[in-house]
Amino acid sequence: MKRLIIAISIIIVSLGFSVWENVAVDNILSKLHSVLEEDAAEAFELWQETKDFLGMFLGNEDIDALDVEMFALKKEVDSKNDEGISESRGVITGYIENIRQTERLSFGNVL
């Protein structure tokens, strides 16, 4: 009986952590997306603050792709190239939406 209670407790804690992680990642990505639309330089700063946290939960490919595009965005912001900024925003938005879709809890993602 004792082992059963411990096993159920571990399962509940694991599920709780998974839900918390999913909500935290989604909140960060939502905030990054909204800040990106308002101020590209601020979005780069937010990315620098949160990429290590996201790196604990997301795949390296996703983090690396976003990191490369964020540095490209920073370069375009520094050179004040509006067309380049717009293009980088579009690519970053696509990456963010792709990550949100793959991290969303759904039957297809679980299988």
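Above this text is the structure in question.
Counting restarts for each chain: residues are numbered from 1 in the order of the written sequence. Side-chain atom pairs in this predicted model are given and counted only at pLDDT of 80 or more, local residue features only at pLDDT of at least 70, and totals for whole chains, interfaces and linings cover all residues. Side-chain metrics rest on all non-hydrogen atoms present in the structure, leaving aside hydrogens and water.

Enquirer: Describe the nonpolar core, naming the residues involved and giving the relevant values.
Expert: Grouped together as the largest cluster of nonpolar side chains are 21 residues, with contacts concentrated most on Leu 32, Trp 47, Leu 54, Met 70, Leu 73 and Ile 92. For helices the rule is a DSSP run of H or I covering at least 4 residues; for strands it is a run of E covering at least 2, with both sets numbered from the N terminus onward. The set of elements that each furnish at least two residues to this core consists of α1 (2-38), α2 (40-57), α3 (60-78) and α4 (82-103). Only heavy atoms matter for contacts: two residues are in contact if any of them lie within 4.5 Å across the pair. Aside from chain neighbours lying at most four places away, what touches Met 70 is Leu 32, Ala 43, Phe 44, Trp 47 and Ile 92. Here, nonpolar core refers to any group of buried Ala, Val, Leu, Ile, Met, Phe, Trp, Tyr and Cys residues whose side-chain atoms link them within 4.5 Å. Accessibility here uses a 1.4 Å probe with only protein chains present; expressed as a share of the type maximum, an area under 20% marks a residue as buried, one over 50% as exposed, and anything in between as partly exposed.

Enquirer: I'd like a description of the side chain of Asp 67, backed by residues and values.
Expert: Topologically, Asp 67 is positioned in helix α3. Exposure remark for Asp 67: the relative accessible area of 18% places this residue in the buried category. Apart from the residues lying within four places of it in its own chain, the contact partners of Asp 67 are Trp 47, Gln 48 and Lys 51.

Enquirer: I'd love a proper account of a nonpolar patch on the surface, names of residues and values included.
Expert: Here a patch means residues that are over 30% exposed by relative accessible area and free of salt bridges, tied together within 9 Å if like-charged and within 5 Å if nonpolar (Val, Leu, Ile, Met, Phe, Trp, Tyr). Each accessible area value is a Shrake-Rupley result obtained with a 1.4 Å probe; residue values ignore everything except the protein chains displayed when judging cover. What counts as a salt bridge is simple: a side-chain nitrogen of Lys or Arg found within 4 Å of a carboxyl oxygen of Asp or Glu. A cluster of nonpolar side chains, Met 1, Leu 4, Ile 5, Ile 8 and Ile 12, forms an exposed patch at the surface whose accessible area comes to about 560 Å². The residue Ile 8 is located in helix α1 in this model.

Enquirer: Go over unusual backbone geometry with me, naming the residues and quoting the values.
Expert: Of note, Lys 80 is a non-glycine position whose phi angle comes to about 55°, a positive value. Of note, Lys 80 is situated in the loop between α3 and α4. The exposed category is assigned to Lys 80, whose relative accessible area is 70%.

Take it as geometry only, folks, not as evidence of what the structure does.
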